[in-house]
Amino acid sequence: MIRYALICAKGHSFESWFPSSAAYDKQAKRGLVTCPSCGVSKVEKAIMAPKLSGTKKRGKAPAAAAPAEVPAPVASDTPVAMMSPQEHELRGKLKELREHLTKNSDYVGKKFPEEARKMHYGEIDHRSIYGEASLKDAKELHEEGIEFHPLPVLPDERN
């Protein structure tokens, strides 16, 4: 798994996890990576400081320690884009998909990982469900071979 700091065309900063760098590239190219604040699919990687662990002290300690948290990336110029008719069509289909899934599935909330496991291991009958899972839970479900997909998040059409 790899974590990227991302920034949308409207300047919102956020982070997201992907199975690999190639998975991010593929999803971003298809417009599947969207800003959780506004739903814009024009997203770029932001500069992110690497997180180092297990490093040994070598020589003298530095005079000043690095800050514990890296500030959120800030865009100097906000990238903008006009959506093509094909992108509008794709957006509509994603909205239809989300509506279909939520209307025809059982909402299980925070019990999603538990319910998904029960179905995967044959403890309960399979059915369509949706809910929430932490990044840790999603990673564990993936490692167990349990198939699931994030629901597409789009902003209200009035925006």
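See the structure above.
In this report, the structure presented in the accompanying data block is examined. All values derive from a computational prediction rather than experimental measurement.

**What about the pairing of strand E1 (residues 2–8)?**
Point 1. Of all 7 residues that make up E1, 5 are buried, and the element is covered over most of its length.
Point 2. In terms of strand pairing, E1 meets strand E2 (residues 13–18) through 6 bridges, oriented antiparallel. Within E2, the residue paired with Leu6 across the bridge is Phe14.
Point 3. In this antiparallel pair of consecutive strands, E1 and E2, the connection spans 4 residues, and Gly11 shows a positive phi of 90 degrees.
Point 4. Inspection of the sheet shows E1 paired to strand E3 (residues 43–45) by 3 bridges, in the antiparallel sense. Among the inter-strand pairings, Cys8 is bridged to a residue of E3, identified as Val43.

**A look at the packing of aromatic side chains**
Point 1. Per the counting criterion, the structure on display carries 4 aromatic pairs.
Point 2. An aromatic cluster of three or more residues is present, and its members are Tyr4, Phe18 and Tyr24.

**Remarks on the layout of surface pockets**
Point 1. If you add up the space inside the largest pocket, you get close to 2,000 Å³.
Point 2. Along the walls of the largest pocket sit 49 residues, with Phe148, His149, Pro150, Leu151 and Pro152 positioned nearest its centre.
Point 3. Elements that contribute at least two residues to the lining of the largest pocket include exactly E2, helix H1 (21–29), helix H2 (85–103), helix H3 (112–120), strand E5 (129–131) and helix H4 (135–143).
Point 4. Split into classes, the residues belonging to the lining of the largest pocket amount to 27 nonpolar, 14 polar and 8 charged.

**Some points on a nonpolar patch on the surface**
Point 1. Taken together, the side chains of Met1, Trp17 and Leu135 present a nonpolar region at the surface, about 270 Å² in accessible area.
Point 2. As for its position among the elements, Leu135 is in helix H4.
Point 3. Accessibility expressed as a relative area gives 36% for Leu135, which makes it partly exposed.

**Notes on the pattern of salt bridges**
Between side chains of opposite charge, a pair can form as their charged atoms come close.
Point 1. Inspection of the entire model under this criterion finds 10 salt bridges.
Point 2. Here Arg3 makes a salt bridge to Glu15, at a shortest N to O gap of 3.4 Å. Of this pair, Arg3 sits in strand E1 while Glu15 sits in strand E2, and the two are 12 residues apart along the sequence.
Point 3. On the accessibility criterion, Arg3 (30% relative accessible area) is partly exposed.
Point 4. One salt bridge in this structure joins Lys93 and Glu89, with 3.1 Å as the shortest N-O distance. A residue pair is termed a helical-turn pair when its members lie 3 or 4 positions apart in one helix, as Lys93 and Glu89 do in helix H2 at 4 residues.
Point 5. On the accessibility criterion, Lys93 (47% relative accessible area) is partly exposed.
Point 6. For Glu89, a relative accessible area of 46% corresponds to the partly exposed category.

Conventions used here
Residues numbered from 1 in each chain as written. Predicted model: local features only at pLDDT ≥ 70, side-chain atom pairs only at ≥ 80, totals over all residues. Heavy atoms only, no water. Buried < 20%, exposed > 50% of the residue type's maximum accessible area, 1.4 Å probe, protein only. Helix = DSSP H or I, 4+ residues; strand = E, 2+ residues; numbered from the N terminus. Pairing = 2+ DSSP bridges. Phe/Tyr/Trp six-rings, centres within 6.5 Å; stacked < 30°, edge-to-face > 60°. 1 Å grid on protein atoms, 1.4 Å probe; cavity = no way out; pocket = protein on both sides within 12 Å on 5 of 7 lines; lining within 4 Å. Points joined across faces, edges and corners; volume = space filled by probe spheres on them. Nonpolar A, V, L, I, M, F, W, Y, C, P; charged D, E, K, R; others polar. Patch = residues over 30% accessible without salt bridge, like charges linked within 9 Å, V, L, I, M, F, W, Y side chains within 5 Å. Areas by Shrake-Rupley, 256 points an atom, 1.4 Å probe, with all protein chains shown as cover. Salt bridge = Lys/Arg side-chain N within 4 Å of Asp/Glu carboxyl O.

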